[in-house]
Amino acid sequence: LGIVGWLAVGWWQARQLAPVEYTAHSQTDTLQLADGSRIILDSGSVLAYSRAIGEAATREVILKGRGFFEVAHDASKPFRVFAGEAVVLVTGTSF
């Protein structure tokens, strides 16, 4: 892990966000989150997220690799995707 990776891990541990999904090379995987959002992970991708993603004030995930997101609409609980140096903030959309 580079410095950004270690910072992300420390940030993640500070928020007690534990579940991690790995997708093997040459495979994809579909996840259904507790808030109703659906994520399709591409080959070799990793996604970390909170067990309480539907209950928290914000919905946050860390993505390493590629994924397609169908975010359940909830204007009161923004959905954030941290991917490298980028942060995507939505309240409900597909991307």
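Preceding this section is the structure that the text describes.
Throughout what follows, the structure given in this document is the object of discussion. Since this is a predicted model, take the numbers as computed values, not measurements. (Residues numbered from 1 in each chain as written. Predicted model: local features only at pLDDT ≥ 70, side-chain atom pairs only at ≥ 80, totals over all residues. Heavy atoms only, no water.)

For Ala 72, the position within the fold is in the loop between β6 (67–70) and β7 (79–83). Apart from residues no more than four positions distant in its own chain, Ala 72 is found in contact with Asp 35, Gly 36, Ser 37, Arg 59, Thr 91 and Gly 92. (Helix = DSSP H or I, 4+ residues; strand = E, 2+ residues; numbered from the N terminus. Contact = heavy atoms within 4.5 Å.)

Taking strand neighbours across the sheet as the criterion, the 3 strands line up as β2-β3-β6 in an open arrangement whose pairing is antiparallel. Edge positions in the sheet fall to β2 (29–32) and β6, since each has one partner strand and no second. Put simply, the sheet's adjacent strands are angled 15 degrees from each other on average, direction ignored. Where β2 meets strand β3 (residues 38–41), 4 bridges bridge the pair, whose relative direction is antiparallel. From the neighbouring strand, Gln 32 faces β3, where its bridge partner is Arg 38. (Pairing = 2+ DSSP bridges. Axes fitted to C-alpha atoms, helices over the stretch in contact; angles between N-to-C directions.)

Here we come to the environment of Phe 82. Along the chain, Phe 82 falls in strand β7. Given the relative accessible area of 22%, Phe 82 is considered partly exposed. Placed 21 residues apart in sequence, Phe 82 and Val 61 show a C-alpha to C-alpha distance of 6.2 Å. (Buried < 20%, exposed > 50% of the residue type's maximum accessible area, 1.4 Å probe, protein only.)

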